[in-house]
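Chain residues, written in single-letter form:
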Amino acid sequence: MKILILLFMSLVITGCKKSYEERFLDGYAELEIHQLESKDAPKNNIDYQGNYKNVKDTEEALSTLKAKIGTADGIANVYETPDSSEKQCVVVLRKEATATTKTHELGHCFHLILYNVLGEKAASVLKDSIGETNGNTPYVIEPFTEVVAATRAYKLDGNFKYLESRIIAIKSKPKSDETKPYYAAIPLLETLKDFLVSNENIPQPIEQQVLYVTENFYTNPDYNKMFYKLPKE
């Protein structure tokens, strides 16, 4: 009888254990993750709020991301429901994508926090087709994603293994128009280590944590020189 009870408790605990991806997002957004090669329908097809992305639901988001992935190993974006109370992050990965790539793509799930901060600090960036790869846009989006992904990984893992492996992954690819925004993030990632160690009291609630790092590190010109150049409105 005791053995059966222990077995039952073990199954309950295992069933309740959250995945790394769920702990990474910590309830900020629902995750919909698919392989590029898969033709599976969305697990939860949600209607989205009409916004600059002009994507109506999860199914269309998947189709759009798969069309835009190009030669990358992964692509992701986050979408709001009509009442803005819920968000869904859609991630598409090639089957050969590494765990490091997956963690990076999860960082894209927090775009909306960046957009809110940019609305106050550099509103013109939002007007420059921020969802497209032109102008300063990739140099704003990708380094932000690198910083957030490295912050969340550090908070979950208690070390900088992800951050260090991400720098190695970026440097392993030749410089090109596609990879230059990632190379631009390397100095930020190297500086981020000291920032996180010296700011151990960063708020724990997920949205406050990402907001804190966005305001105090990523868009702070003392750390990110790019924000000296961006026009303010």
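Remember, it's a predicted structure, so these values are computed and weren't measured experimentally.

1. Notes on the overall build of the protein
In step 1: Looking only at helices and strands, the protein has 12 helices and 3 strands in total.
In step 2: In the protein, buried positions account for 45% of the 233 residues.
In step 3: Nonlocal contacts in the protein, meaning residues at least 24 apart in sequence, comprise 63% of its contacts between residues at least 6 apart.
In step 4: Looking at the protein as shown, the accessible area adds up to about 12600 Å², and 53% of this sits on carbon and sulfur atoms.

2. Concerning the nonpolar core
Proteins that are soluble and globular tend to have nonpolar side chains buried together.
In step 1: Phe110, Leu192 and Tyr218 are the most contacted members of the largest nonpolar core, which totals 47 residues.
In step 2: Tallying contributions element by element places helix 7 (residues 137-157) first for this core, with 9 residues.
In step 3: Contacts of Tyr218, omitting those with residues within four sequence positions, involve Leu114, Tyr139, Val140, Pro143, Phe144, Val147, Leu188, Val213, Asn224, Met226 and Phe227.
In step 4: In this structure, Leu62, Ile69, Ile75 and Tyr79 belong to the second largest nonpolar core, which totals 12 residues.

3. Things to note about the environment of Glu178
In step 1: Relative to the helices and strands, Glu178 resides in the loop between helix 8 (161-171) and helix 9 (180-183).
In step 2: Between the C-alpha atom of Glu178 and that of Ala72, which follows or precedes it by 106 residues, the distance is 9.1 Å.

4. Concerning the pairing of strand 3 (residues 87-93)
In step 1: Counting buried residues along strand 3, 7 of its 7 residues qualify, which places the element largely inside the surrounding structure.
In step 2: Across the two faces of strand 3 the burial is the same, with Lys87, Cys89, Val91 and Leu93 and Gln88, Val90 and Val92 all buried.
In step 3: Here strand 1 (residues 30-35) pairs with strand 3 via 6 bridges, running parallel. Residue Leu31 lies in a different strand from strand 3, and its bridge partner there is Cys89.

5. Describing the pairing of strand 2 (residues 74-80)
Each regular strand shows side chains that alternate between the opposite faces of the sheet.
In step 1: In terms of burial, strand 2 is a largely internal element, 7 of the 7 residues being buried.
In step 2: Burial along strand 2 is two-sided: Gly74, Ala76, Val78 and Glu80 facing one way and Ile75, Asn77 and Tyr79 facing the other are all buried.
In step 3: Note that strand 2 and strand 3 share 7 bridges and pair antiparallel. Residue Tyr79 lies in a different strand from strand 3, and its bridge partner there is Gln88.

6. Observations regarding the sheet that holds strand 1
In step 1: Ordered in space as 1-3-2, the 3 strands form an open sheet in which the pairing is mixed. In this open sheet, the two edge strands, each paired with only one partner strand, are strand 1 and strand 2. Taking the axes of each pair of neighbouring strands and ignoring which way they run, one obtains an average angle of 15 degrees across the sheet.
In step 2: Packed onto the sheet, helix 3 (residues 58-68) meets strand 1, strand 2 and strand 3 and runs at close to 35 degrees relative to strand 3.

7. Overview of the packing of helix 4 (residues 99-107) against helix 7
In step 1: The interhelical angle for the contact between helix 4 and helix 7, taken along N-to-C directions, is 110 degrees, at an axis separation of 7 Å. For the element pair helix 4 / helix 7, the angle class is roughly perpendicular. For the pair helix 4 and helix 7, the crossing hand works out as right-handed. Contact residues: helix 4 offers Thr103, His104 and Gly107, while helix 7 offers Glu142, Phe144, Thr145, Glu146, Val148, Ala149 and Ala153.
In step 2: Partitioned by chemical class, the residues of the contact of helix 4 with helix 7 number 4 nonpolar, 4 polar and 2 charged.

8. So, the confidence of the model for the protein
In step 1: With 82% of its residues at a pLDDT of 70 or more, the protein shows a mean pLDDT of 86.
In step 2: Confidence drops under a pLDDT of 50 for residues 4-15, and excluding neighbours within four residues, the segment shows 0 contacts in the predicted structure.

9. Notes on the packing of helix 7 against helix 10 (residues 186-198)
In step 1: Running from amino to carboxyl end, helix 7 crosses helix 10 at an angle of 40 degrees, the nearest separation of the two axes being 10 Å. With respect to their mutual orientation, helix 7 and helix 10 come out oblique. In this structure, the crossing between helix 7 and helix 10 has a hand that is right-handed. Together, Pro143, Glu146, Val147, Ala150, Thr151 and Tyr154 of helix 7 and Leu188, Leu189, Leu192, Leu196 and Val197 of helix 10 make up the contact between the two elements.

10. Let's talk about the pattern of salt bridges
In step 1: Scanning the entire structure with this criterion turns up 3 salt bridges.
In step 2: Linking Glu21 and Lys102 is a salt bridge whose minimum nitrogen-to-oxygen distance equals 3.1 Å. Of the two residues, Glu21 sits in helix 2 (residues 20-25) while Lys102 sits in helix 4, which places them 81 residues apart along the sequence.
In step 3: With a closest N to O distance of 2.8 Å, Glu164 and Lys193 form a salt bridge. A residue pair is termed long-range when its members are at least 10 positions apart, and Glu164 in helix 8 and Lys193 in helix 10 qualify at 29 residues.
In step 4: Since its relative accessible area comes to 26%, Lys193 is described here as partly exposed.

Calculation criteria
Residues numbered from 1 in each chain as written. Predicted model: local features only at pLDDT ≥ 70, side-chain atom pairs only at ≥ 80, totals over all residues. Heavy atoms only, no water. Helix = DSSP H or I, 4+ residues; strand = E, 2+ residues; numbered from the N terminus. Buried < 20%, exposed > 50% of the residue type's maximum accessible area, 1.4 Å probe, protein only. Contact = heavy atoms within 4.5 Å. Areas by Shrake-Rupley, 256 points an atom, 1.4 Å probe, with all protein chains shown as cover. Core = buried A, V, L, I, M, F, W, Y, C linked by side-chain atoms within 4.5 Å. Pairing = 2+ DSSP bridges. Axes fitted to C-alpha atoms, helices over the stretch in contact; angles between N-to-C directions. Parallel < 35°, antiparallel > 145°, perpendicular 65-115°, else oblique. Left-handed = near helix turned anticlockwise from the far one by under 90°. Nonpolar A, V, L, I, M, F, W, Y, C, P; charged D, E, K, R; others polar. pLDDT = per-residue confidence, 0-100. Salt bridge = Lys/Arg side-chain N within 4 Å of Asp/Glu carboxyl O.

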